[in-house]
Structure formats: C-alpha cells, structure tokens
Amino acid sequence: MSRSSTDKASTSEKFTTLKITKPATNTGGFNALKSAFSHASKYMKPSQAIKISTKINQKGGFDCPGCAWPDPDDERSSLGEYCENGMKAMSEEMQKTTIGHDFFKKHSVEELSELSDFEIGKSGRLSEPMFLAEGATHYEPLSWNAAFEKVGAHLNALNNPDEAVFYTSGRTTNEAAFLYQLFAREYGTANLPDCSNMCHEASGSALSQTLGIGKGSVTLDDLYKAELVMVIGQNPATNHPRMLSALEKCKNNGGKIVAINPLPEAGLMKFTNPQSPIKMLTGGTKLADVFVPIMINGDVAFMKAILLKLLEKEEQEGGVFDSTFIETHTHGYDAFIEDLKRFNFDECLALSGVDRPTFDAVFELVLNKKKIIVCWAMGLTQHENAVDNIRELVNMLLLKGSIGKEGAGTCPVRGHSNVQGDRTVGIWEAAPQAFLDKIENKYGFKPTTKHGYSVIDAIKAMYEKKAKVFFGLGGNFISAVPDTNYSAQALANCNLTVHVSTKLNRSHLVTGKEALILPCLGRAEKDYQRTGVQVQSVENSMGVVSSTKGILEPCSDKLLSEVAVVCNIANATLEGRSKINWLAYKDDYSLVRDDIQEVVEGFQDYNKRLGQPSGFYLPNGPRVRKFNTKTGKANFTVNKLPEWKLKASELVMMTIRSHDQFNTTIYGLDDRYRGIFNERRVILMNREDMKARNLEEHQVVNIKSEFKGKTRRANNFKVVAYDIPKQCCATYFPEANVLVPIDNYAHTAKTPASKSVIVTVVPST
Ligand SMILES: Nc1nc2c(c(=O)[nH]1)N[C@H]1C(S)=C(S)[C@@H](COP(=O)(O)OP(=O)(O)OC[C@H]3O[C@@H](n4cnc5c(=O)[nH]c(N)nc54)[C@H](O)[C@@H]3O)O[C@H]1N2
Ligand SMILES: Nc1nc2c(c(=O)[nH]1)N[C@H]1C(S)=C(S)[C@@H](COP(=O)(O)OP(=O)(O)OC[C@H]3O[C@@H](n4cnc5c(=O)[nH]c(N)nc54)[C@H](O)[C@@H]3O)O[C@H]1N2
Ligand code: SF4
Ligand SMILES: [Mo]
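Peer 1: Is there a simple way to think about the pattern of salt bridges in this case?
Peer 2: It is possible for side chains of opposite charge to pair when their charged atoms get near one another. Going through the model one piece at a time under the given rule, you end up with 47 salt bridges. One salt bridge in this structure joins glutamate 735 and arginine 680, with 2.7 Å as the shortest N-O distance. Pair noted here: glutamate 735 is in the loop between strand 32 (728–732) and strand 33 (757–763) and arginine 680 is in the loop between strand 28 (676–677) and strand 29 (682–685), with a separation of 55 residues, a long-range link. Across the pair, exposure class does not vary: glutamate 735 and arginine 680 are buried alike. Connected through shared salt-bridge partners, Glu84, Lys88, Asp660 and Arg672 make up one network.

Peer 1: Explain the packing of helix 2 (residues 29–43) against helix 4 (residues 84–93) here, please?
Peer 2: Relative to each other, helix 2 and helix 4 sit at 5°, their axes nearing to 8 Å. One element, helix 2, and the other, helix 4, form an angle in the roughly parallel class. Here helix 2 contributes Ala32, Ser35, Ala36, His39, Ala40 and Tyr43 to the contact with helix 4, which in turn contributes Glu84, Met87, Lys88 and Ser91. In the contact of helix 2 with helix 4, the residues fall into 5 nonpolar, 3 polar and 2 charged.

Peer 1: Please clarify how unusual backbone geometry should be interpreted in this entry.
Peer 2: What you tend to see is this: most non-glycine residues have negative phi, and most peptide bonds are trans. Proline 734 follows phenylalanine 733 through a cis peptide bond whose omega is 10°. Inspection of the secondary structure assignment puts proline 734 in the loop between strand 32 and strand 33. Backbone geometry at arginine 625 places phi at a positive 60°, although glycine is not the residue there. At asparagine 694, a residue that is not glycine, the phi angle is positive and equals roughly 55°.

Peer 1: For this particular structure, what's the right way to read the pairing of strand 30 (residues 700–707)?
Peer 2: Note on strand geometry: in a regular strand, side chains alternate between the two faces of the sheet. Bridge count for strand 30 against strand 31 (residues 710–721) is 7 bridges, and the pairing is antiparallel. Paired with isoleucine 703 across the strands is alanine 714, a residue of strand 31. Counting the residues that bridge the hairpin from strand 30 to strand 31 gives 2 residues, and of these lysine 708 lies at a positive phi of roughly 45°. Pairing between strand 30 and strand 33: 5 bridges, direction antiparallel. Each bridged residue has a counterpart across the sheet, and for lysine 704 the counterpart in strand 33 is threonine 760.

Peer 1: What am I meant to see in the sheet that holds strand 17 (residues 496–501) here?
Peer 2: Working definition: the strands of a sheet are paired by backbone hydrogen bonds and lie parallel or antiparallel to each other. The strand order 6-5-18-17-16-7 describes an open sheet built from 6 strands, whose pairing is mixed. Taken across any chain shown, the strands that pair with only one partner, and hence form the sheet edges, are strand 6 (140–141) and strand 7 (164–168). Bridge count between strand 7 and strand 16 (residues 469–473): 5 bridges; the pairing is parallel. Residue phenylalanine 166 lies in a different strand from strand 16, and its bridge partner there is phenylalanine 471.

Peer 1: I tried to follow the site of ligand 1 on my own but got confused; where do I start?
Peer 2: As a structural note, the neighbourhood of ligand 1 is formed by 32 residues, with Asn261, Glu265, Asn297, Gln661 and Asn663 the closest of them. Here asparagine 239 contributes a backbone N or O atom positioned 2.8 Å from a nitrogen atom of ligand 1. With respect to ligand 1, the side chain of aspartate 299 contributes an N or O atom lying 2.7 Å from a nitrogen atom. Of all the secondary structure elements, the ones that give two or more residues to the shell around ligand 1 are helix 12 (236–239), helix 21 (378–381), strand 25 (651–656) and strand 26 (661–662).

Peer 1: Would you mind showing me how to read the site of ligand 2 here?
Peer 2: Close to ligand 2 lie 30 residues; Tyr167, Ser169, Ala480, Glu562 and Thr664 are nearest. At a separation of 2.6 Å, a nitrogen atom of ligand 2 approaches a polar side-chain atom of glutamate 562. Here a nitrogen atom of ligand 2 and a side-chain polar atom of threonine 655 are 2.9 Å apart. When the free accessible area of ligand 2 is taken as 930 Å², the share hidden by the protein chains comes to 96%. In terms of residue class, the shell around ligand 2 is built from 10 nonpolar, 15 polar and 5 charged.

Peer 1: Is there a simple way to think about the environment of serine 487 in this case?
Peer 2: Mapped onto the fold, serine 487 is located in helix 27 (residues 484–492). When its relative accessible area of 2% is taken as the criterion, serine 487 is described as buried. In this structure, the C-alpha to C-alpha distance between serine 487 and tyrosine 453, residues 34 residues apart in sequence, is 15 Å. Apart from residues lying up to four places away in sequence, serine 487 is in contact with Ile459, Ile478, Val481, Pro482 and Ile742.

What counts and what doesn't
- Residues numbered from 1 in each chain as written.
- Chains lettered and ligands numbered in written order.
- Predicted model: local features only at pLDDT ≥ 70, side-chain atom pairs only at ≥ 80, totals over all residues.
- Heavy atoms only, no water.
- Salt bridge = Lys/Arg side-chain N within 4 Å of Asp/Glu carboxyl O.
- Helix = DSSP H or I, 4+ residues; strand = E, 2+ residues; numbered from the N terminus.
- Buried < 20%, exposed > 50% of the residue type's maximum accessible area, 1.4 Å probe, protein only.
- Axes fitted to C-alpha atoms, helices over the stretch in contact; angles between N-to-C directions.
- Parallel < 35°, antiparallel > 145°, perpendicular 65-115°, else oblique.
- Contact = heavy atoms within 4.5 Å.
- Nonpolar A, V, L, I, M, F, W, Y, C, P; charged D, E, K, R; others polar.
- Pairing = 2+ DSSP bridges.
- Near = heavy atom within 4 Å.
- Polar contact = N/O pair within 3.5 Å; in protein donor to acceptor, adjacent residues only side chain to side chain.
- Areas by Shrake-Rupley, 256 points an atom, 1.4 Å probe, with all protein chains shown as cover.

Here it is in structure tokens:
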C-alpha cells in the first residue's frame, strides 16, 4: 500500500544507538574547532573549505548563512570570524554531492520519504529543476521556462489571488525578498507567511506595541558595556555561538550575567573562545553568575516576582525606579502599578518554580545595576502567553530606565541570517498602511490592504481548501510547522506546491497534486548575471545591513539565483498586465536596491552605503529614546499570569534544537554539550518524574498530547534522565512537531506554542 501524506511527513521512528555521557561543563575550545573541521572535511571539497574559512563574515566576504548574530563593526579575527555551527552550515550547503534527474529516476518520492531527515539532507545539493506530475511516483526534469510557465498558469487559474500562499524562510536576501513580496502584492495578495511567524513574531508584536519597533534596541557595543545581561530562554552555545564571545567581553569589563533556563545549558556556564589561543590554554571564562532553573513557561510569574519586589523597595526606600525616564518617556505607569499590586509575591515565585535564594541573587543584581540588557529567543516566544513574557521584560527595563542608553536595552536574538531583513523590506502578511502607500506611489498599482495569512492561517486555509497553491522561497515548511499530520493534509490538498531550495528536504516529498523543486544558488556561490557577479545584502539581529557576495563556483550550471527565479515567475504570471519591468532587476541587483531605498525607510544611498566595509545601521527609535507607538511614548503594559495548570499525570514539554541541527536540517546525530550522542528520538526527563511513572533510563516511551479534546501521539522515544525541573520535559524538533497543536499559539502573534506542549508519557508496549 502506498504511503499517505501524513506517513511521508513523519520522521522515521527507527532508533539509532543512543550513547550518554555527562553534559559538558565548558563550551567552545578545541572540541568546537575539531567538530567544525570534521564536518568541513567530511562534506566539502578541501579547497572550498579553506576558501570559505577565510571569507566567511569578513568585510567584503559573504555573510554566514547560519544565524543572525552580528559581526563586530571594527576588528574581526584573522583566525576566522565564524563558529563551529557556521562551518557546519557551510559544509551542509556546499556538499560535494549533487543530485539531479538520475537521482530522482532511481528513487521514488515514497522511497525518499522513508529516509531519516539526516539522510534526506545528506543526499546532496539539488542541481536542476524537477517536476512531479499528478499521480506520478517520481520527479522528472523540466526546463526552467516550463517551470515558470507552470507556476504562472496555476496562479492565473485560481479564482482569486488569495488562494495562493507565498512563504519565505529567513535566508532570503533583501533583494530577493523585496521582489518576492512586490510580486505577491502586484499579483493581488498579502498571503506572505514566513518563518518569523513561528519564531520572533511574539517579540515583534510585544516590542511594536511597547517601544514602537519590532526589533531589538542594542548594538554589540552595548553588550560589551552592560552591567547586567539577562539571557532568557536561549541556548547561545549551540544557536548563536559567537554571542558567547560578546558575553565574555562583557564579563571582562566587569558585567554580570544571569541565565534563566529550565536546562543548565553548558554554554551559559563556561566558554573557551576558540579564536583566542590564550584562552584555549588557560581554560575559558565562567559566564553565568546566577543560573535560574525556571519551570517551563514560568517566566511571566518570575518577572512579576521581580517587579513586585522592586516596587516594594521603591516604596520603602525610593531611588529604585528611574523616575525621570518614567515621567519623560513612558505611558501607562499608574495602571501598570495598580495591576501589579493585585499579585502575590509568594504565589508568583511558586509558579515560576524558582527557589528563594536564587531569586534573591537575581533580584540583588536587577536592583543594583543600572545598565541592563535582556537577551531572549525561542524559550520566551513559543508559548501561548509569549507576548506577555516579552512585555513583562519591557516593564522591568522601563522601570529601570534601561533603554535607549549605552549598555542597556532589548536584545531579541534572531534566528535565520536574514529573517529580520526580510520583514524590513516587506515580507509581512500585515504590513503597515504607510508601506503599502509607498508601494502604490512607486509602482502605480494598489496593493490589497486586507491582511494576509500568517503560517497558522495559511495551513488552515490549505486544509480547508481555501488556498490551493503553496510557494516556498526557501525553508522546509512541513517539518517546521506544528501539527505535522494536519499540516501534511493541508499541503496534500493543494493543486501545486513549489519549493525554491538548495537541498532536498521533506517538504519536497509531501506535495500537492503537482509539485516543483526549483534549485537555487547558496550564499557562498557566485551569482553571475548580465552585469557581472552580483552583491546582495542582509540585515543582522542588531539592524546592521551589510553586503554578501559569493566566492565559490556554483555546484551546477543549472542553478538560478532566488532573484532570477522571482523575476521570471513574476514575468510569466503577470505578463501583459504588470506595471513593472520584472526581467530588468535580475540583470542588475543594484536596481532593486534603488527601489528599496524609495519604499523602505532608512535605506537612503543604499548602493553607496552597502560599499562601506561594515555596512550601515538602520534607524532605531528606542536606541535614541524615540518611541513610535500610538501614545508616542514607551508603553507599560498589564499582563496576566498564564492560566494553565498541570495535572499530576501531565508534563509540559518544550521542543528544542540539538547541537547538530539547523532547524529542520540535521547536521548529525549528536547533542554534544548535553552529552547525548547518536540519537534524536529522546525525551529529557526529571528523575523524580521517571520514578513516579516507573520509567527506567533509556526505556522506550510513547508521548501523547491532548488539546481541546483532540489527541496527538508520537511513538518511540528513549527516556534520558536529565537535570530539568520537575514536571518539565524536552524533545527535539522536528521529531516532536506531530504533538504541537495547530490551535495552540501565542495570543496576538500566532507563534505556535511549541515550547509548552502538555503531554503524558507512557511506556511503549
Ligand atoms: N546551530 C544552530 N543555530 C541556530 C538554529 C539551529 O537550529 N541550529 N536555529 C536558528 C533559529 S531560526 C533560531 S529562532 C534560533 C533559536 O535559538 P534558541 O531559542 O536558543 O533555540 P531553542 O533550541 O529553541 O532553545 C530555546 C532555549 O530556551 C529554553 N527554554 C524553553 N522553554 C523555556 C521557557 O519556558 N522559559 C525559559 N526561560 N527558557 C525556556 C530551552 O531550554 C533552550 O535552552 O537559533 C538560530 N541559530
Ligand atoms: N516544534 C518546533 N517547531 C519549530 C521551532 C521550534 O523551536 N520547535 N522553531 C521554529 C523556528 S524558530 C523557525 S525559524 C522555523 C524554521 O522554518 P524554515 O525556515 O522553514 O526551516 P529551515 O529548516 O530553516 O529550512 C531549511 C531548508 O531551506 C533550504 N535552504 C537553505 N538555504 C537556502 C537558501 O539560501 N535559499 C533557499 N531558497 N533555500 C535554502 C534548504 O532546502 C533546507 O532544507 O521552524 C519553526 N518550527
Ligand atoms: S554565530 Fe551564527 S552567524 Fe556567526 S558564524 Fe556562528 S552560525 Fe554563523
Ligand atoms: Mo527561528
């Protein structure tokens, strides 16, 4: 019997061979270098590996396609301005093997879907356009022109443009992203969901409302100068490794660090800078001064406990709050204080799961330090009350006047290398009217003002057959989204699914009636066009726009750039009715930048300033105490405590990244810092929770999640006893995505609540 879409969407339930060691107590150092070189030598040609290591993140080189952590403005390490995971990202992207028609002739879609995600990713780089006809078992090659015409024909056959969905993953450069959203809007829809909807959308919502811009306020330099950095819900050693060098610099300048996380993530504890030969010999820097083992989703309660004690001190002694800042720059103080007083300190602390001595240690630091930075990532954004998490942090920063001054502010640490830039240039299903007006002025067509689908809405629309064409510019939709089985059915309901990709992934195997794979250039590859090798641009987590230019020969001569793909599809779809000369842009990307500077604020002299060695900073209101909110001030907010209560039989599960993956791309099977090797189907549990369920170490269990009357199951996970708070557990994403309910998401932001899934765990029989 052939496999259904839901079967094809699920990750393999087979085990590899789990090996456990003690979690690491230090990160970086020699082992990081060793791991980087081992990945490079296994998967890349040696000449390419050397070339890459000298150009990655260097001024005038290419931007690391890993995370969005910024590069230093001035001095950059000659030993290589990259980390272990940057090198792994490159090794994956520049794999020696390429796959084309021979590969797809040999392997059916069904057969490929039985591979593990690790095996799928290691098949090699896609090298030519491929088409899966309705009812066919195998992909077949087709010409680029035929592919463009097929997409155009499908789009033009829809009853209305809102039946198409245009997804973006955050590696897409500013140039490609701008053209892509322009095309979607000229075609007639704002259905522009992106990976950001599953990532920092909650940060964007909370920060826009409170501070007037959906981005962080600090620069790298601020981090070096902060007196206190709070790292909440983030695992930088794995996901933003060079952030540890910045934290180390902050420590060397006398700064203190607090880490708030259910797991004692090794990188938050101690770090040896692999770029520092001296540190390699002397053994590294202790980073966290206080580690707070918080209960999953205990952050609002913990922050409220801090706020209550700050208020108590202010009322007793005064001088705790920055009253000048509050008076001059904020709105809503009285309502906020009145609401805060309704809460009880002991109750809040108990809900957070944190003990009193640990609380006191954090409180002392918050009380006494005046330059505070809060860094956060998915541990705060992927909950039902994610927006409240972030608004509560902002309340604390506002009370302390810790915003818009040196060494202080907000630092949402972004994920994909250009996810922030994509939003800046218009990938937004709910773009502001001012932006749409500028599009209308510049191009002479009226973009729809109706908000489009976010990721959750898009999945539902496809499930309900209201959307019929799915187009993905990068990414791996089926493995990234929640509720795998429901989402697989949603994709299967489409007439056409299209993916512009560098490598094979599961989304190519869970298709609509017809499917296309359009292979594109990677970041490191030279982008040859009529006017020469093109430069592109990206924006990092701190709002710096810089150039990126490929240095290696493309792995196949049949690849197109993302810009060229978008221009050709726009041309094929809108031919005869477009106001735009689509094909001109692909010959010369500086023309795209000329347009961006007219439509998007902060890009004046774009082409010229891109030539500056470190790029340029985009304007940022909060950085200079200008708050572009409805009240014209920084807003205090009133937030509830989360309402969920766990039954004794239940655990709350977070779905996290291992050290050997980039989102859905599985680099390897180890999670070195957590001491878990050669297995991904694991569930990290507290020993007492194991005992209460009579579970042994490495016992095989099944996990069940129940939400609003619907049960979801994932089978075959091995129990690993771990230092995690009671009633909390952790699994890896994407294996556990089947358990994340489509209807459980952050209020206002719709970020899937993939860090607070209520589950029960039972032995597998
Ligand atoms: N190598 C590598 N780099 C990456 C990525 C990758 O997959 N691999 N992904 C990129 C992307 S797109 C993103 S968004 C970022 C993700 O970067 P992170 O957010 O660091 O990634 P996660 O693994 O999701 O880790 C979340 C952390 O939050 C903690 N946590 C979970 N729930 C809670 C909670 O309720 N409260 C608190 N306080 N902590 C909690 C977890 O224990 C974990 O340490 O990394 C980017 N960089
Ligand atoms: N349960 C759970 N689910 C989650 C998360 C979680 O923590 N838990 N995290 C969420 C987050 S933060 C994010 S950002 C999303 C990620 O969602 P996505 O961005 O959709 O997923 P990725 O795994 O980053 O996409 C990888 C694919 O992108 C393609 N690719 C790589 N480089 C390029 C390129 O340069 N151009 C093009 N066109 N394609 C390229 C490759 O084919 C690769 O297979 O997942 C989300 N899903
Ligand atoms: S910290 Fe992020 S951007 Fe920097 S080298 Fe590592 S993976 Fe690349
Ligand atoms: Mo992300």
